[in-house]
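So you can see what is in the structure, the chains are spelled out below.
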Amino acid sequence: MITEHQHDSTLWDREAEAAVLGICMTTPYVVNHIRAALPDPQAFFNPAHQTIYAAILDLADHDGPTDPVIVADKLTRDGTLTTLQPEGGQLYLYELYRNAPLAGDPTWHAGIVARHAATRRALQALQRGLQWVTNATDADIVHDALAAAQEELAKALGDVAGTNAGTANALAGLYTPIHWETAFARQPDDTPWLVEPLIARGRSIAIYSPPKAGKSLLTLEVAAALATGRPVLGQPAQEPMTVMYIDIENSEEDIVERLENLGYGPPDFPLLQQHLIYYSFPNLPALDSQAGGQHMVALAKHHQPVLVVVDTVSRVIEGSENDADTFANLYRHALAPLKGMGISVVRLDHSGKDLEKGQRGSSAKNADVDAVWLVVKTTESQLYLKREMARQQHGVPLIELRRRADPLRHEVQAGAGGLPPKVAQIVEVLEQLLVPLDASREVCREALADQGIKARNDVLSQAIAARKAGF
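Quick notes on the pattern of salt bridges
When charged atoms on two side chains of opposite charge get close, those side chains can pair.
And then number 1: Evaluation of the coordinates by the stated rule reveals 14 salt bridges.
And then number 2: Between Asp-61 and Arg-35 there is a salt bridge, with the nearest N and O atoms lying 2.7 Å from each other. Within this pair, whereas Asp-61 is found in helix H3 (residues 47-61), its partner Arg-35 is found in helix H2 (residues 31-37), the two being separated by 26 residues in sequence.
And then number 3: One salt bridge connects Arg-391 with Asp-370, and the closest N-O pair in it is separated by 3.4 Å. One end of the pair, Arg-391, is in the loop between strand E9 (382-390) and strand E10 (398-404); the other, Asp-370, is in the loop between strand E7 (344-350) and strand E8 (371-379), and 21 residues separate them in sequence.

Here it is as structure tokens:
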């Protein structure tokens, strides 16, 4: 660790420390200005300087003078004057007083002291982190040590950035603002879907229902189909893509039985092994913690999924479901990093006793997702997916599903039931005009314009999605 005997100029500046103390004793009214830059005596590297500055602050707090006679008297009464040795005790106070700068801005001298203090804190944080990791005895302790070191170093670097322009520029270089021309050029004409209209690429959604409504089975069907390239929910077959599934509800036996019922077997093993990354009851840290978020991001970086499923959210948090901070932390530590990586997230949840009141627990659950879907089972073979919230009104808001057997599957039912009247009207007109299902929004708009019909972009997008989904 850094000691008082180290005189590396990168760690402290004796002249700057002495100047600050001298100014405080010659010009008492600047003490509070200097305190703004140096609130803690520990910012001084020299222990004698720490003692003197603490005495000056205490005198200023009591509206007392801060000249060397008064400071020496206070240190004598506190029994700390002798601790200034080998600096020289009372004589050293007079030396500081005589050598105080007579001109200039004293906060600049204080800034030099603060900059060196921040550098020392960063170095000490790094030393502590290395010490913790070196002394760790198992993987969990190593991880905790790394997390603690990372947090301390981040705080220390933030301090350095506040006092050192070079460090501030280096830290700022870690972040990339939006380049607007590129961002607009990347914007797709239509919503890119993983499974239309349920899961858009790069979006986070919540699916909730009462227990035993079938949300886990439906989600597993979607995940396995994406992993093996099978058609699902009216979506045509596509290239297999990687899905990571975090399951804290179902055992390996439950999952295998469901996959068998969905028609999967030995011929599908290679694609399932490669693309359906399934963790049943993993011993993950809580995802509303920094450690849990780090584990989740590490898994995502390793497997590179297009979709992450969390089943269910109440099993992966340590905070209360009724506490908004729980879901703010879940988003900050786990979900926001995944969204930043362009990964879609589906999290499953339970409804409360009163279905009309939505998801169980805090209303903050809705704040960090792009859409919320409710699964309603009306009979053993009929389900509805009702979209209750969406940041962007893309796709239809109601999906009727029929559960079939041999193999087990869910099929989207045709019909415009549940569509808003304007959307249903546009669907009907486009059908009558025999506009192709894959027609672009502009082609559909022109066809409608020929009939004297105008539609907002969001309404037209919903109508196009409704036709593709079979409504």
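Quick notes on the environment of Leu-374
And then number 1: Along the polypeptide, Leu-374 turns up in strand E8.
And then number 2: Note: C-alpha distance between Leu-374 and Ser-351 (23 residues apart in sequence) is 8.6 Å.

Remarks on the packing of aromatic side chains
Geometrically, a pair of aromatic rings is defined through the distance of the ring centres and the angle of the planes.
And then number 1: In this structure the tally under the stated criterion is 3 aromatic pairs.
And then number 2: Measuring from centroid to centroid gives 5.0 Å for Trp-12 and Phe-45, while their planes differ by 40°, and the two rings are tilted. Of this pair, Trp-12 sits in the segment before helix H1 (14-26) while Phe-45 sits in the loop between H2 and H3, and the two are 33 residues apart along the sequence.
And then number 3: When its relative accessible area of 6% is taken as the criterion, Trp-12 is described as buried.

Some details on the sheet that holds E9
And then number 1: Spatial strand order, E5-E4-E6-E7-E3-E8-E9-E10-E11: 9 strands in an open sheet with mixed pairing. Each having just a single partner strand, strand E5 (276-280) and strand E11 (409-412) make up the two edges of the open sheet. The mean inter-strand angle of the sheet, taken between neighbouring strand axes irrespective of direction, is 20°.
And then number 2: Judged from the 5 bridges that link them, strand E4 (residues 243-247) and E5 form a sheet pairing that is parallel. Of the residues in E5, the one forming a bridge with Tyr-245 is Tyr-278.
And then number 3: Along the sheet face, helix H13 (residues 290-303) touches E4, E5 and strand E6 (307-311) and points at about 150° away from the line of E4.

Some words on unusual backbone geometry
The general pattern is negative phi for most residues beyond glycine and trans for most peptide bonds.
And then number 1: That bond from Glu-196 to Pro-197 is cis: its omega, 0°, falls within 30 degrees of zero.
And then number 2: Topologically, Pro-197 is positioned in the loop between strand E1 (193-195) and strand E2 (199-200).
And then number 3: Cis rather than trans, the peptide bond between Asp-311 and Thr-312 has omega equal to -5°.
And then number 4: Among the structural elements, Thr-312 can be located in the loop between E6 and helix H14 (324-340).
And then number 5: Despite not being glycine, Phe-281 shows a phi value in the positive range, around 50°.

Regarding the confidence of the model for the protein chain
And then number 1: Looking at the protein chain, the pLDDT average stands at 83 and 82% of residues meet or exceed 70.
And then number 2: When mean pLDDT is taken per element in the protein chain, helix H12 (residues 269-275) scores highest with 97 and helix H8 (residues 165-172) scores lowest with 54.

The rules behind these values
Position numbers for residues count from 1 along each chain, tracking the sequence in the order it is written. The predicted origin of the model limits local features to residues at a pLDDT of at least 70 and limits the giving and counting of side-chain atom pairs to 80 or more, whereas totals for whole chains, interfaces and linings rest on all residues. Only heavy atoms go into the side-chain values, all of them from the structure, while hydrogens and water stay out. What makes a salt bridge here is a side-chain nitrogen of Lys or Arg within 4 Å of a carboxyl oxygen of Asp or Glu, nothing more. In this description a helix means any DSSP run of H or I spanning at least four residues, a strand means any run of E spanning at least two, and both kinds are numbered starting from the N terminus. Ring pairs shown here join Phe, Tyr and Trp side chains whose ring centres sit within 6.5 Å, with only the six-membered ring taken for Trp; geometry is labelled stacked below 30 degrees between planes, edge-to-face above 60, and tilted in between. Burial classes follow relative accessibility: with a 1.4 Å probe on protein chains only, a residue under 20% of its type's maximum area counts as buried, one over 50% as exposed, and anything between as partly exposed. Note: two strands are recorded as paired if DSSP finds a minimum of 2 bridges between them. Axis definition: a line fit to C-alpha positions, over the contact stretch in the case of helices; interaxial angles, taken between N-to-C directions, run 0 to 180 degrees. Contacts were defined at the residue level, with two residues in contact if any of their heavy atoms lie within 4.5 Å. Along the chain, pLDDT gives the predictor's confidence residue by residue, from 0 to 100.

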